[in-house]
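Summary of structural features
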Amino acid sequence: MIAMLELTTLALATMFALAAAAGLHWLFLKATFLMMRPATARRIPARTELARGTAQVVRAYLGR
């Protein structure tokens, strides 16, 4: 009876360790991919001054 209890305890401890290892592996993998993202991955809003300036230039030349 004690042998079955020890075997069950060993099996439960192994399953707990496996779950903890899988969770940490997933967490570290996610952190690694976040750190590997290029610096340009953040979306920088386009500058509208250039587009407005270009439109003004086009309007200035179309008027002539």
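It should be noted that the structure appears before, not after, this text.
To keep things clear, this report deals only with the structure shown in the data block. (Residues numbered from 1 in each chain as written. Predicted model: local features only at pLDDT ≥ 70, side-chain atom pairs only at ≥ 80, totals over all residues. Heavy atoms only, no water.)

**Here we look at the overall build of the protein**
Across its full length, the protein holds two helices and zero strands. A burial count over the protein gives 0% of its 64 residues as buried. Taken as a whole, the protein presents about 6600 Å² of accessible surface, with 73% of it coming from carbon and sulfur. (Helix = DSSP H or I, 4+ residues; strand = E, 2+ residues; numbered from the N terminus. Buried < 20%, exposed > 50% of the residue type's maximum accessible area, 1.4 Å probe, protein only. Areas by Shrake-Rupley, 256 points an atom, 1.4 Å probe, with all protein chains shown as cover.)

**Considerations on helix α1 (residues 2-36)**
Note that an α-helix has 3.6 residues per turn; residues three or four places apart therefore point the same way. With 35 residues, α1 extends 50 Å from end C-alpha to end C-alpha; this agrees with the ideal 51 Å at 1.5 Å per step. Burial runs low along α1: only zero of the 35 residues are buried. (Expected span 1.5 Å × (residues − 1).)

**Things to note about a nonpolar patch on the surface**
On the surface, a nonpolar cluster with roughly 470 Å² of combined accessible area is contributed by Leu24, Trp26, Leu27 and Phe28. In this fold, Leu27 is placed in helix α1. (Patch = residues over 30% accessible without salt bridge, like charges linked within 9 Å, V, L, I, M, F, W, Y side chains within 5 Å. Salt bridge = Lys/Arg side-chain N within 4 Å of Asp/Glu carboxyl O.)

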